[in-house]
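This is what each chain is made of:
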Amino acid sequence: MLKAGSTILLIWTGINFVLAALILTSVVVFKANSPLIVMVFDKAEVAGLSARVVAALNTLTILYNSCSVVLSILVWVLIRKSLLAGQQWAFWVLLGVIGFVEVMAFIASARVGNARWPVNAVQSVLYVLGISLCGFAIFK
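Let us look at the structure shown here.

Definitions and cut-offs
- Residues numbered from 1 in each chain as written.
- Predicted model: local features only at pLDDT ≥ 70, side-chain atom pairs only at ≥ 80, totals over all residues.
- Heavy atoms only, no water.
- Helix = DSSP H or I, 4+ residues; strand = E, 2+ residues; numbered from the N terminus.
- Buried < 20%, exposed > 50% of the residue type's maximum accessible area, 1.4 Å probe, protein only.
- Contact = heavy atoms within 4.5 Å.
- Areas by Shrake-Rupley, 256 points an atom, 1.4 Å probe, with all protein chains shown as cover.
- Core = buried A, V, L, I, M, F, W, Y, C linked by side-chain atoms within 4.5 Å.
- Axes fitted to C-alpha atoms, helices over the stretch in contact; angles between N-to-C directions.
- Parallel < 35°, antiparallel > 145°, perpendicular 65-115°, else oblique.
- Left-handed = near helix turned anticlockwise from the far one by under 90°.
- Nonpolar A, V, L, I, M, F, W, Y, C, P; charged D, E, K, R; others polar.

1. Looking at the overall build of the protein
Inference 1: Broken down by element type, the protein carries six helices and zero strands.
Inference 2: Taken from the N to the C terminus, the helices and strands of the protein come in the order α-α-α-α-α-α.
Inference 3: With respect to the three principal axes, the spread of C-alpha positions in the protein is 55 × 30 × 20 Å.
Inference 4: Of all 140 residues assigned to the protein, the portion counted as buried reaches 34%.
Inference 5: By sequence separation, contacts in the protein at least 24 residues apart represent 73% of the contacts at least 6 residues apart.
Inference 6: A total accessible area of about 8300 Å² is found for the protein, and carbon and sulfur atoms account for 74% of it.

Structure (structure tokens):
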């Protein structure tokens, strides 16, 4: 069960990493605007946004996604080195850290019309399933 749960958490980590890296690449390298802009505003509203508002959204997108990339790497290492070894402290850290991220993702998305709900739902299901299997295996 520990291996299965850890694998599911690694899938969560991989999805999180890939999405954040793709968004960072598009905004930083290709100078695209934050995907959140088109997810939240229609074309007429986007046209009415000032350049400073767009720049601020792009800045927050870069900050959030850079943190998300680094979090994914740290979580991957923690799963591979400590959780798979059955270390209880790793379980508690992952429970708290990923749990906090998942709750905050829903709170943040709710403020913009649940624009990210499909991604949040998939990630949350993976997290709950993975952490539950790991917890059962470690504490049985």
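And the narrative resumes.
2. Some words on the nonpolar core
Inference 1: Counting residues in each nonpolar core, the largest one holds 19 residues, and the members touching the most others are Leu 9, Ile 79, Leu 83, Leu 94 and Ile 98.
Inference 2: Elements with a minimum of two residues in this core: helix 1 (2-29), helix 4 (51-83), helix 5 (88-110) and helix 6 (117-139).

3. What to know about the side chain of Thr 13
Inference 1: The topology assignment puts Thr 13 in helix 1.
Inference 2: We classify Thr 13 as buried; its relative accessible area is 2%.
Inference 3: Here Thr 13 is in contact with Ser 72, Val 75, Trp 76 and Ile 79, once residues within four sequence places are set aside.

4. So, the packing of helix 1 against helix 6
Inference 1: Relative orientation of the contacting elements helix 1 and helix 6 amounts to 150°, with a least axis distance of 7 Å. As judged from the angle between their axes, helix 1 and helix 6 are roughly antiparallel. The element helix 1 and its partner helix 6 pack so that their crossing is left-handed. Together, Leu 2, Ala 4, Gly 5, Ser 6, Ile 8, Leu 9, Ile 11, Trp 12, Ile 15, Asn 16 and Leu 19 of helix 1 and Val 119, Gln 123, Leu 126, Tyr 127, Leu 129, Gly 130, Ile 131, Leu 133, Cys 134, Ala 137 and Ile 138 of helix 6 make up the contact between the two elements.
Inference 2: Broken down by class, the residue content of the contact of helix 1 with helix 6 amounts to 17 nonpolar, five polar and no charged.

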